[in-house]
Every structure is written in C-alpha cells, then in structure tokens.
Amino acid sequence: RLLREAARACFERLVARHRALQAAADVITSRQPHLLELFEELVGRSHEVRREALWQWRERAFGRRVLLARGDELRSRLRRLRLGARLSRWRAYRERALLKARHEVQVQQFLLSDVGGALPAALRRWAEAAADARRLRVDTEVAGASHRRQVLAAATR
C-alpha cells in the first residue's frame, strides 16, 4: 500500500511538472508564435543537427547562469567595499575623537601650568597651529576623495 501511494505521489508530481512545462511553453509560444515553426523545422532535421542545437541552447543557458553568478559576485564585492568604507569612516571618527580628547587633556595641563602670564600668547600660537593643521587635514581629505573618484571612474569605464 505504501509503495502504491509513493508511486502515485511520484506520478502526480510528474504530471504536475509536465503541466507546468506545457503552460510555460504555451506562454512562450503565445508571446513569440514563430518559435513553433522554428521548433518544427529543427525537429525535422537530422539527429546530429538536433543534438548541436540542444548543445547551443545549453551553452546559452549555462552562460546566463554564469553571468548571473558574476553579477552576484560583483554585488557581494560591492557590499564588502561599502562595509570597508563604513568601517574606515568609523575608525577615522574614533581616531579624531581620541585626538580631540588628548588635545583637551593637553589644554587642561597647559592651563594648570601657567607661569608668568605667558598663557595668552601661547594660546594664540597654539590656535594658529591647530587651524593650520585642520586646513592641511581638510585639504588632504579633499585630495584623497578626488583621487578615489578618479580611480573609481577609471575602473568603471
């Protein structure tokens, strides 16, 4: 009994797949009616010609799978690159925060060590040096971003 039920289930599955295949073929032939004529012409040829046509069809189908796999690989690589960019931005943010904290500690130590009223002049010089360093950093970041854009543009051509 179990064997009959299994055989019946397999047969029903086979019939369902055959019906799905026929439905797909009906859709394709309704969209492109000339395919039926081409298929009849192909079936009427010799065995070697039919085999060659099937091999060509298989190569095209496989080539499409390869292209889809390459597209998936490229999307995955792009996700990894974006993640790397995010991580590098986070690392730069953390480094800037640590640097800012160190500078604040240095300023506090400097304020506590004021001797002889030299503090105002030293603070002005320090502010000028910090502004110069900030301008240099911004210029470097702009140049780096411009270079990355040029590299990406060259790579996508």
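Predicted, not measured: the structure shown is a model, and the values here were computed from it. (Residues numbered from 1 in each chain as written. Predicted model: local features only at pLDDT ≥ 70, side-chain atom pairs only at ≥ 80, totals over all residues. Heavy atoms only, no water.)

> What am I meant to see in the overall build of the protein here?
Each helix and strand in the protein was counted, giving four helices and zero strands. Ordered by position in the sequence, the α and β elements of the protein form the string α-α-α-α. In terms of overall size, the protein is more extended than a compact globule, its C-alpha atoms giving a radius of gyration of 35 Å where 157 residues would be expected to give roughly 15 Å. With the C-alpha coordinates aligned to their principal axes, the bounding extent of the protein is approximately 105 × 50 × 25 Å. Counting only carbon and sulfur atoms, one obtains 60% of the accessible surface of the protein, whose full area is about 14,700 Å². (Helix = DSSP H or I, 4+ residues; strand = E, 2+ residues; numbered from the N terminus. Rg over C-alpha atoms; globule rule 2.2 N^0.38 Å. Areas by Shrake-Rupley, 256 points an atom, 1.4 Å probe, with all protein chains shown as cover.)

> Please clarify how the pattern of salt bridges should be interpreted in this entry.
Opposite charge on two side chains permits pairing when their charged atoms draw close. Taken as a whole and assessed by the stated rule, the structure comprises five salt bridges. A salt bridge links Asp132 to Arg135, with the nearest nitrogen and oxygen atoms 2.2 Å apart. Residue Asp132 and its partner Arg135 are both found in helix 4 (residues 119-156); the two are separated by three residues, about one turn of the helix. Note on Asp132: relative accessible area 43%, which makes it partly exposed. Measuring nitrogen to oxygen at the nearest pair gives 3.5 Å for the salt bridge that ties Arg137 to Glu141. With Arg137 and Glu141 both in helix 4 and four residues apart, the pair spans about one turn of that helix. Of the residues examined, Arg137 reaches a relative accessible area of 39% and is grouped as partly exposed. (Salt bridge = Lys/Arg side-chain N within 4 Å of Asp/Glu carboxyl O. Buried < 20%, exposed > 50% of the residue type's maximum accessible area, 1.4 Å probe, protein only.)

> Looking at this model, I keep getting lost on a nonpolar patch on the surface. Mind explaining?
There is a patch of nonpolar side chains on the surface, built from Phe110, Leu111, Leu123 and Trp126 and spanning about 330 Å² of accessible area. Of all the elements in the fold, those that place two or more residues in the nonpolar patch are helix 3 (47-112) and helix 4. (Patch = residues over 30% accessible without salt bridge, like charges linked within 9 Å, V, L, I, M, F, W, Y side chains within 5 Å.)

> Explanation requested: the layout of surface pockets in the structure shown.
As a volume, the second largest pocket reaches approximately 410 Å³. For the second largest pocket, the full set of lining residues is Arg96, Ala97, Leu99, Lys100, His103, Glu104, Gln106, Trp126, Ala130, Ala133, Arg134 and Arg137. Contributing elements (two or more residues each) for the lining of the second largest pocket: helix 3 and helix 4. Looking at the lining of the second largest pocket, the element that brings in the most residues is helix 3, giving seven residues. Across the lining of the second largest pocket, the residue classes tally to five nonpolar, two polar and five charged. (1 Å grid on protein atoms, 1.4 Å probe; cavity = no way out; pocket = protein on both sides within 12 Å on 5 of 7 lines; lining within 4 Å. Points joined across faces, edges and corners; volume = space filled by probe spheres on them. Nonpolar A, V, L, I, M, F, W, Y, C, P; charged D, E, K, R; others polar.)

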